[in-house]
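As a plain string of letters, each chain reads:
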Amino acid sequence: MSARLWYLRRGVAWLPVLGSCGVATVAALLMVRWPGDAFLLAPAVLACCAASAAFAYDEDALPVVAVTPRGAGWRRANRLAAVLVPLSVWAVLVALRPGDVPLARPEWWLVGGAAVLLVTGAAALASRRLVPAPGSVLAPVVALAAVAPVTLSGMFSWGTLYPIGDFPDPVRTVWLGVALSGAAVCAVALRPGLRP
Amino acid sequence: MSSLSLPASGIAGHRAMAVIEARRMARHPVFLLGVVLGLVVLGLYFVLVDDETGVPVVLSLPLLGAFYIGLTTVIAAALLTRSTEVAVEAVATAPGTEARRTLALAAAGIPPLVAGLVFSVVLVVAAKGIGVAPQEWWFGTLPDWQVWSIVLQCPVACLDGALLGVLTGRWLRFRGAPAVVVVALIVVTLLGQAPILETAGSEWRLWVPWAIWHMGDNPDGTQTLIAGNPAAYLGYLLALGVLAVLGAMWHDRTARTPRFRALVAAVAVAAVALFVLAATTGNRDNRDSDPIPSRVEG
């Protein structure tokens, strides 16, 4: 256990992971001040938490550590623990319901869990392909993708992927699909070995 | 190392560096993803959001291009700028100072500008082909210069996205800076104008980097044109872009000559003047269109 903790403390790029979580908290505080804008701020919180997860697999010395005796599988599996930080931040923020915004709790936990899982899988997959810092590209793209549905829902009559109040079944199905996709990507990425 | 073969100074050297940066942007996968998404979503809108009177809320559609192309360009430009710093010792042997390289990086805004122009042309041509309701805020109900100014906000926002990305890459060294900038840009843009859009002082929203000009979902079938002067606002956006480049060049201490400082001050004053002009001229109040019968709710 101590070796795992030592590795996590030294190996994970905590600054961007915690920094993104900090920005998520700031967005949640904005939601306390402007609860009427939760339709944008709640996705912004999600975007920051998901972006935080994208940094969990950043490792500048990847070509070196990938061939150490511990093995790439051990390294990737242990880095999953870093993802608990943005997940916890998301869980707490949804539980607190900043600004008394009526976020449906189990469903919004699902939204965050699904997004973080998919991003984690993508980052782990990139790490498997020996990309040293997938978070640099993945985080901003994920942040943008998380907020993009807000603009789309304003222009199309498709409804929103981030419902405030009632959480319709079709939206739950979409997020369950995202969660399943994330789980599948994680399963592929966390197989022992390096490139597929 | 193509940069080592560049002329040591002068216009030719700068042009060669600028061409390299423009090519790097044009090939960047994040930028290309944004262009494809922007055009696909615009196409989906034309196909799926049908109305017997034509394309609805057409004057809101430049937002799609600005969002998908402009924001992905912020990310791509920031990554391009940071990528030059990875090999900073090698780059230091190349011609020019950091400020000169930054100026060359500004050329990375050319492909997004062109992509935004293509988006706008597609929008205008499709709207002409499909048609719009006669009551819609568009050519015919608005002066042409106002429509063009709002439509051209899209390419200018795409250009500004690249320049903001260069500014981000120069000043913010932490990983994830583009993600934070993109989220902050969206939140500031919305929160900076949404609360006052339907008030008497709606023209003071125009300080934000993307102003909403048009709302088309009124229950009585009307559409609202928000107050302000779109042409002056377009100038304000361009001034913001120039300020972003100058701000990025400011990172190089050797560039901060008295002449450069004066230039920064002059552009900042011009930006403020254009903002005041945009807010105090043009349409004085929000205007509602005639109701479009097919869009009256109930």
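Residues numbered from 1 in each chain as written. Chains lettered and ligands numbered in written order. Predicted model: local features only at pLDDT ≥ 70, side-chain atom pairs only at ≥ 80, totals over all residues. Heavy atoms only, no water.

Novice: How should I be thinking about the nonpolar core in this particular structure?
Specialist: Most often, soluble globular proteins have nonpolar side chains that are buried together. In this structure, W108 and W175 of chain A together with L61 and Y233 of chain B are the most contacted members of the largest nonpolar core, which totals 121 residues. If you tally residues by element for this core, the top one is helix α3 (residues 38–54) of chain A, at 14 residues. What Y233 of chain B contacts, discounting residues up to four positions off in sequence, is Q153, L206, V208, P209, W210, A211, W213 and A278 of chain B. (Core = buried A, V, L, I, M, F, W, Y, C linked by side-chain atoms within 4.5 Å. Buried < 20%, exposed > 50% of the residue type's maximum accessible area, 1.4 Å probe, protein only. Helix = DSSP H or I, 4+ residues; strand = E, 2+ residues; numbered from the N terminus. Contact = heavy atoms within 4.5 Å.)

Novice: What am I meant to see in the confidence of the model for chain A here?
Specialist: Taken as a whole, chain A shows an average pLDDT of 89; of its residues, 96% reach a score of 70 or greater. At the low end of the mean pLDDT range in chain A sits helix α4 (residues 62–65) of chain A, at 75; at the high end sits helix α6 (residues 84–96) of chain A, at 96. (pLDDT = per-residue confidence, 0-100.)

Novice: I keep staring at the interface of chain B and chain A and nothing clicks. Help me out?
Specialist: Contact residues are listed per partner, giving 27 residues for chain B and 30 residues for chain A. When chain B packs against chain A, close to 2400 Å² is buried across both sides, 86% of that on carbon and sulfur atoms. Put simply, R175 of chain B and D60 of chain A hold a salt bridge, and the shortest N to O gap is 2.7 Å. At the junction of chain B with chain A, the criterion picks out two residue pairs in polar contact (both at pLDDT 80 or more). Of all the secondary-structure elements, those providing two or more residues to the side of chain B that touches chain A are α2 (29–48), α3 (62–86) and α9 (177–191) of chain B. The element contributing the most residues to the side of chain B that touches chain A is α9 of chain B, with nine residues. (Buried area = accessible area lost by both parts, 1.4 Å probe. Salt bridge = Lys/Arg side-chain N within 4 Å of Asp/Glu carboxyl O. Polar contact = N/O pair within 3.5 Å; in protein donor to acceptor, adjacent residues only side chain to side chain.)

Novice: Help me understand the packing of helix α1 (residues 2–11) of chain A against helix α5 (residues 72–79) of chain A, please; the structure alone is not making it clear to me.
Specialist: What describes two packed helices is the angle between their axes and the distance between those same axes. Residues and elements named next belong to chain A. Where α1 contacts α5, the two axes come as close as 10 Å, and the packing angle between them is 75°. For the element pair α1 / α5, the angle class is roughly perpendicular. Between α1, through A3, R4, Y7, L8 and G11, and α5, the contact on the second element is made entirely by W74, R75, N78 and R79. For the contact of α1 with α5, a count of residues per class yields four nonpolar, two polar and three charged. (Axes fitted to C-alpha atoms, helices over the stretch in contact; angles between N-to-C directions. Parallel < 35°, antiparallel > 145°, perpendicular 65-115°, else oblique. Nonpolar A, V, L, I, M, F, W, Y, C, P; charged D, E, K, R; others polar.)

Novice: Mind showing me how you'd approach the environment of V182 of chain B here?
Specialist: Among the secondary structure elements, V182 of chain B is positioned in helix α9. Judged by relative accessible area, which is 0%, V182 of chain B ranks as buried. Spatially, the C-alpha atoms of V182 of chain B and I130 of chain B are 34 Å apart, while their sequence positions differ by 52 residues. Excluding residues within four positions of it along the chain, V182 of chain B makes contact with L144 of chain A together with L71, V74 and I75 of chain B.

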